[in-house]
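# Coordinates in review
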Amino acid sequence: MKCISVYTNSFELFSDIYEQVLQTPPQENEDIVIEGVTVSGSGHVPDQYIERMRVKPEVVVMKEKSRNIMILQHGDVFEICLPSDEEEAV
C-alpha cells in the first residue's frame, strides 16, 4: 500500500485537508505543506505493517471502505494508506 503521512494531532485539521491530500498527494520522499500542515509521501508499506499497527492500543484505525483507504492515527501523525496501482488492478 502507498502511504502518505500527515503531521498533525488535530483530527479536525486532518479532516479539513484530507480530500485535498488525496487529490494532490506528494510523490515518494516529497514533503508538501497544505494549510500549514506538512504532508509527506512515505512510499509503500507492507500489509503486515498495518496489521502490526492496528493491534497497538495507542493507534486509532479508521477505514474508508468505498475507496479501500486505511487511516492510522498515532502521536502527532495520521498515515493514509492507499491501495497501490497493482493492488487496484487485482
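Here the structure is a predicted model, which means the values were calculated and not measured.

Under the definition given, this model contains three salt bridges. With its nearest N and O atoms 2.6 Å apart, the salt bridge here joins E19 to R67. Here E19, found in helix α1 (residues 11-23), pairs with R67, found in the loop between β4 (60-64) and β5 (69-74); they are 48 residues apart in sequence, far enough to count as distant. In this structure, R54 and E51 form a salt bridge, with 3.4 Å as the shortest nitrogen-oxygen distance. On the criterion of helical spacing, the pair formed by R54 and E51 is a turn pair, its members being three residues apart in helix α2 (residues 47-54). Residue class for E51 comes out partly exposed when judged on its relative accessible area of 45%. Within the structure, one salt-bridge network assembled from shared partners comprises E19, E64 and R67.

To continue, consider the nonpolar core. By size, the foremost hydrophobic cluster in this structure holds 15 residues, and its most contacted members are V6, F14, Y18, V21, I69 and I80. Every element with two or more residues in this core is listed here: β1 (2-6), α1, β3 (37-44), β5 and β6 (77-82). The dominant element in this core, judged by the number of residues it contributes, is α1, at five residues. For F14, the residues in contact, after removing those within four places along its chain, are V6, T8, I71, F78 and I80. C3, V45, V59 and C81 belong to the second-largest nonpolar core, a separate cluster that totals 10 residues.

Calculation rules
- Residues numbered from 1 in each chain as written.
- Predicted model: local features only at pLDDT ≥ 70, side-chain atom pairs only at ≥ 80, totals over all residues.
- Heavy atoms only, no water.
- Salt bridge = Lys/Arg side-chain N within 4 Å of Asp/Glu carboxyl O.
- Helix = DSSP H or I, 4+ residues; strand = E, 2+ residues; numbered from the N terminus.
- Buried < 20%, exposed > 50% of the residue type's maximum accessible area, 1.4 Å probe, protein only.
- Core = buried A, V, L, I, M, F, W, Y, C linked by side-chain atoms within 4.5 Å.
- Contact = heavy atoms within 4.5 Å.

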